[in-house]
Amino acid sequence: MRWNLPNILTALRLIAAPGVAVMFLYFSRPLADWFALLLFVGAAVTDWFDGYLARLWGQESKIGAMLDPIADKAMVVIALMVIVGYSSMSPWLVLPATMILFREVFVSGLREYLGDVAGTLKVTKLAKWKTTFQMIAIATLFSQGVFEHYLALSVEALDDQVVTRALDAGGADPHGLRWQEAGMIWTGHLGLTLLWIAAALTLITGWDYFVKALPFLKDDT
């Protein structure tokens, strides 16, 4: 095994995946949301850099090729678990998250069963776009949690009449409640839209992998 910089970045991304969940165990919200968002975005950025540097410096390796998809899946699965766990269990969030988790488990099982011929299921460009949409959607949903809890903390400290006047489009808003509410709403809508796009791409690429694997799943006659 060669532990060069690209491989180290990949390993750090793998370690960062459970770190996202750990943030919510040791910090209160919205601080946990901030830390999780920064950790997730930082790890997602390394997803581009490790592959780019490995190709640029001619440092592509088997350990890197093995760890890279595992790190991606760990990041997505753990982050979605955290987001769904701290959500109101809206079907608009739970359904696409379930579709993504199902596909990841299915394709991982398919690769494991194929063993030596798993190279047939090479990562496609569409699969890379799928991962990109997943990462952006998850980061956006984490930022929605930041806006939501800052708004909740602000509202908790104010009188109901002050909050009502502030959230009224024509009322005074010295505490910035309106932009906090707008941020919460828009990041929530954008995050869900991106997650549904990611879920659609997830199912399409999952089906593509299954079709490619079919010749190796037929019983010998």
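Predicted, not measured: the structure shown is a model, and the values here were computed from it.

## Considerations on the pattern of salt bridges
So, point 1. Counted according to the given criterion, the structure contains seven salt bridges.
So, point 2. Put simply, aspartate 72 and arginine 13 hold a salt bridge, and the shortest N to O gap is 3.3 Å. Within this pair, whereas aspartate 72 is found in helix H3 (residues 62-85), its partner arginine 13 is found in helix H1 (residues 5-26), the two being separated by 59 residues in sequence.
So, point 3. Exposure remark for arginine 13: the relative accessible area of 1% places this residue in the buried category.
So, point 4. One salt bridge connects arginine 29 with aspartate 33, and the closest N-O pair in it is separated by 2.9 Å.

## What about a nonpolar patch on the surface?
So, point 1. Taken together, the side chains of Trp3, Leu5, Ile8, Leu12, Ile15, Val41, Val45, Trp48, Phe49, Tyr52, Leu56 and Trp57 present a nonpolar region at the surface, about 1200 Å² in accessible area.
So, point 2. Of all the elements in the fold, those that place two or more residues in the nonpolar patch are H1 and helix H2 (31-56).
So, point 3. Looking at the nonpolar patch, the element that brings in the most residues is H2, giving six residues.
So, point 4. As for its placement among the helices and strands, tyrosine 52 is situated in helix H2.
So, point 5. A relative accessible area of 35% places tyrosine 52 in the partly exposed class.

## Structural notes on the nonpolar core
So, point 1. Counting 33 residues, the largest nonpolar core has Phe24, Phe40, Leu80, Ile100, Ile138, Phe142 and Leu195 as the members making the most contacts within it.
So, point 2. Contributions of two or more residues to this core are made by H1, H2, H3, helix H4 (91-114), helix H5 (125-156) and helix H7 (177-213).
So, point 3. Per-element tally for this core: the top contributor is H3, with nine residues.
So, point 4. Taken together, domain 1 (1-87) and domain 2 (89-220) each give at least three residues to this core, which thus spans both.

## Regarding the UniProt feature "transmembrane region" (unreviewed entry) in the protein chain
So, point 1. Following the UniProt record, the feature "transmembrane region" (unreviewed entry) maps to residues 7-28, 34-53, 74-94 and 184-210 here.
So, point 2. The span residues 34-53 is 100% helical and 0% strand by assignment, and the distance between its end C-alpha atoms comes to 28 Å.
So, point 3. Helix makes up 76% of residues 74-94 and strand makes up 0%, while its end C-alpha atoms are separated by 18 Å.

## Observations regarding the layout of surface pockets
So, point 1. Considering only enclosed or pocket space, the largest pocket measures out at about 1400 Å³ in volume.
So, point 2. Taken together, 42 residues make up the lining of the largest pocket; nearest its centre are Asp68, Pro69, Asp72, Val123 and Lys128.
So, point 3. Among the secondary structure elements, those contributing two or more residues to the lining of the largest pocket are H1, H2, H3, H4 and H5.
So, point 4. Residues of the lining of the largest pocket, tallied by class, amount to 18 nonpolar, eleven polar and 13 charged.
So, point 5. Each of two domains, domain 1 (1-87) and domain 2 (89-220), supplies a minimum of three residues to the lining of the largest pocket.
So, point 6. By volume, the second largest pocket is sized at about 460 Å³.
So, point 7. Ser87, Leu93, Leu141, Gln144 and Glu148 are the residues nearest the centre of the second largest pocket, which is lined by 22 residues in total.
So, point 8. Where the lining of the second largest pocket is concerned, the elements lending two or more residues are H3, H4, H5 and H7.

## Considering the confidence of the model for the protein chain
So, point 1. In this model, the protein chain carries a mean pLDDT of 82, and residues with pLDDT of at least 70 account for 84%.
So, point 2. Considering each helix and strand of the protein chain separately, the mean pLDDT is smallest for helix H6 (residues 160-167), with a value of 60, and largest for H4, with 89.

Thresholds, definitions, all that
- Residues numbered from 1 in each chain as written.
- Predicted model: local features only at pLDDT ≥ 70, side-chain atom pairs only at ≥ 80, totals over all residues.
- Heavy atoms only, no water.
- Salt bridge = Lys/Arg side-chain N within 4 Å of Asp/Glu carboxyl O.
- Helix = DSSP H or I, 4+ residues; strand = E, 2+ residues; numbered from the N terminus.
- Buried < 20%, exposed > 50% of the residue type's maximum accessible area, 1.4 Å probe, protein only.
- Patch = residues over 30% accessible without salt bridge, like charges linked within 9 Å, V, L, I, M, F, W, Y side chains within 5 Å.
- Areas by Shrake-Rupley, 256 points an atom, 1.4 Å probe, with all protein chains shown as cover.
- Core = buried A, V, L, I, M, F, W, Y, C linked by side-chain atoms within 4.5 Å.
- Domains from an automatic or database assignment.
- UniProt positions renumbered as here; feature names shortened; annotations may be inferred.
- 1 Å grid on protein atoms, 1.4 Å probe; cavity = no way out; pocket = protein on both sides within 12 Å on 5 of 7 lines; lining within 4 Å.
- Points joined across faces, edges and corners; volume = space filled by probe spheres on them.
- Nonpolar A, V, L, I, M, F, W, Y, C, P; charged D, E, K, R; others polar.
- pLDDT = per-residue confidence, 0-100.

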